[in-house]
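A structural walkthrough
Letter by letter, the chains look like this.
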Amino acid sequence: MSVFTMNPGPVILDVVGQELNAEDRRRILHPLTGGVILFGRNFVNRQQLTKLTSEIKKLRPDVLISIDHEGGRVQRCKTDGFTHLPAMRKLGELWGAQSKSSHTAESAVLAMAAATACGYVLAAELRACGVDFSFTPVLDLDFGRSGVIGDRSFSRDPQIVFALAKSLNEGLRLGGMANCGKHFPGHGWAEADSHVAIPVDERSLPEILNDDAKPYEWLDLSLAAVMPAHVIYPKVDKHPAGFSKIWLHSILRQELGFEGVIFSDDLSMEGASVAGSVVHGAEMALDAGCDAVLICNRPDLADQLLAKLKVTKARQSESATRLNRLMPKTTTLSWDELQKEAEYQHAKGLLKQMKLIV
């Protein structure tokens, strides 16, 4: 077997089942592969998940093993001891976001402590099973318009979103995990679900920058990664944000000074269909400023991408340098060790006390 250096490629793909088959192995070993994203179908219990992540790392120690694990309705691992974390709206409600009269300094402090505890429990449990990274937190504002975002959002107020996301990110860091703000510059206003439609947000650039994009600006260097929205903002660019040089290079990189990893959202989603073929979509996303592109639930399209995508060595090296920063830097505790760890016990106790978990 080839010995891989820490030079992951720009393609993040999934695996079919609960253990690796020959086709999974072939895709993971491809030099363009830089990461594996896991889904609910890849999880039965902790033992099986740990075995799967171990298999992946034996093949490619340099690939990032990721998952969508936010809490609420977006949590891939919910059984066999995993804490079922609350939807992020619950933290906003704890702050008093829904009623300004109930907002106090004490409620804000409690909400931020709960957010830190959520981030720590989330990261520590996943790390104990060999998962490196979760695509969280959601920074979209809750305008009450987007069903796909809904209670995944902390709040309508960008200041509350910023404060709770920063606290959650600190919890992730304490658990040994980086963070990913999504969906830049904001998916909360567009009503359509980008999984099955092409959302459009007709607002002006100043409106979006002065509202939705504020958490990205304020989080600044504490934000390790960003995932742009498959949303078209026609007053800014005809392309969805994830394929737009204006959004990713001019605004996110230059104006907001973001230096972390930019992931495309899943290229198999309907919101990405405006880019044409999966290969053209990946080329557009990388050219616009993405460091890595996701292709999920379509192994046939993953094969097309691995066979036809052309990436220069210089570009791959630049993306790999950023991706490597997301790799955990701390030693992973086993699940049994984690259960005895004082910080973990404290975090879970706090969440139980606040009635955010059972």
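Going by the structure above, here's the rest.
Description of the structure in this document.

Scoring rules and cut-offs
Residues numbered from 1 in each chain as written. Predicted model: local features only at pLDDT ≥ 70, side-chain atom pairs only at ≥ 80, totals over all residues. Heavy atoms only, no water. Helix = DSSP H or I, 4+ residues; strand = E, 2+ residues; numbered from the N terminus. Rg over C-alpha atoms; globule rule 2.2 N^0.38 Å. Buried < 20%, exposed > 50% of the residue type's maximum accessible area, 1.4 Å probe, protein only. Contact = heavy atoms within 4.5 Å. Areas by Shrake-Rupley, 256 points an atom, 1.4 Å probe, with all protein chains shown as cover. Lys, Arg positive; Asp, Glu negative; His and termini not counted. Charge placed at Lys NZ, Arg CZ, Asp CG, Glu CD. Arc of directions from axis to C-beta. Polar contact = N/O pair within 3.5 Å; in protein donor to acceptor, adjacent residues only side chain to side chain. Expected span 1.5 Å × (residues − 1). Phe/Tyr/Trp six-rings, centres within 6.5 Å; stacked < 30°, edge-to-face > 60°. Pairing = 2+ DSSP bridges. Axes fitted to C-alpha atoms, helices over the stretch in contact; angles between N-to-C directions. Parallel < 35°, antiparallel > 145°, perpendicular 65-115°, else oblique. Left-handed = near helix turned anticlockwise from the far one by under 90°. Nonpolar A, V, L, I, M, F, W, Y, C, P; charged D, E, K, R; others polar.

Attention now goes to the overall build of the chain. Helices and strands together make up the secondary structure of the chain, namely 13 helices and ten strands. Rg of the C-alpha trace for the chain: 19 Å, near the compact-globule value of 21 Å for 358 residues, within the 12% margin. Considering only C-alpha atoms, the chain reaches an extent of 60 × 55 × 30 Å along its principal axes. Counting every position in the chain, which comprises 358 residues, the buried fraction comes to 58%. Pairs at least 24 residues apart make up 77% of the contacts formed inside the chain by residues separated by at least 6 positions. Split by element, the accessible area of the chain, about 14500 Å² in all, is 53% carbon and sulfur. Taking the average place of the 40 positive charges on the side chains of the chain and the average place of its 43 negative ones, the gap between the two points comes to 3 Å.

Within helix α8 (residues 245-255), burial applies to Trp247, Leu248, Ile251, Leu252 and Arg253. Around the axis of α8, the buried residues are gathered within 165° of arc, so they sit on the same side. Turned more than 90 degrees away from the buried face of α8, the exposed residues are Gln254 and Glu255. N-cap assignment for α8: the residue whose side-chain oxygen lies 3.2 Å from the backbone N of isoleucine 246 is serine 244. Where α8 ends, the next residue or the one after it, glycine 257, has phi of about 70°, a positive value.

Looking now at helix α11 (residues 313-324). Helix length check: α11 (twelve residues) gives 16 Å between terminal C-alpha atoms against 16 Å at 1.5 Å per residue, within 8%. Looking only at α11, the buried set comprises Gln316, Ser319, Ala320, Arg322, Leu323 and Asn324.

By the element assignment, glutamine 75 lies in strand β5 (residues 74-75). For glutamine 75, a relative accessible area of 4% puts it in the buried group. At 2.7 Å, the side chain of glutamine 75 forms a polar contact with the backbone oxygen of threonine 83. Polar contacts involving the side chain of glutamine 75 include one to the main-chain amide nitrogen of leucine 85, which spans 3.1 Å. Apart from the residues lying within four places of it in its own chain, the contact partners of glutamine 75 are Asp68, His69, Thr83, His84 and Leu85.

This part is about the packing of aromatic side chains. In this structure the tally under the stated criterion is ten aromatic pairs. Centroid distance phenylalanine 184 to tyrosine 216: 5.0 Å. Interplanar angle 80°. Geometry classified as edge-to-face. With a gap of 32 residues between them, phenylalanine 184 in strand β7 (residues 181-184) and tyrosine 216 in helix α7 (residues 214-219) connect regions that are remote in the sequence. On the accessibility criterion, phenylalanine 184 (0% relative accessible area) is buried. Note on tyrosine 216: relative accessible area 5%, which makes it buried.

Our focus in this paragraph is the sheet that holds β7. Taken in spatial order, the eight strands of this open sheet run β6-β3-β2-β1-β10-β9-β8-β7, and their pairing is parallel. Looking at strand neighbours, the two that pair on one side only are β6 (133-134) and β7, the edges of this open sheet. Each of β2 (33-38) and β3 (64-67) is contacted by helix α2 (residues 46-59), which is oriented at about 175° to β2, the strand it contacts most.

Here we come to the packing of helix α1 (residues 22-29) against α2. Orientation of α1 relative to α2, taken along the N-to-C sense of each, is 45°, at an axis distance of 10 Å. By the angle between their directions, the pair α1 and α2 is classed as oblique. The handedness of the crossing between α1 and α2 is right-handed. Between α1, through Arg25, Ile28 and Leu29, and α2, the contact on the second element is made entirely by Glu55, Ile56 and Leu59. Here the contact of α1 with α2 is composed, by residue class, of four nonpolar, no polar and two charged.

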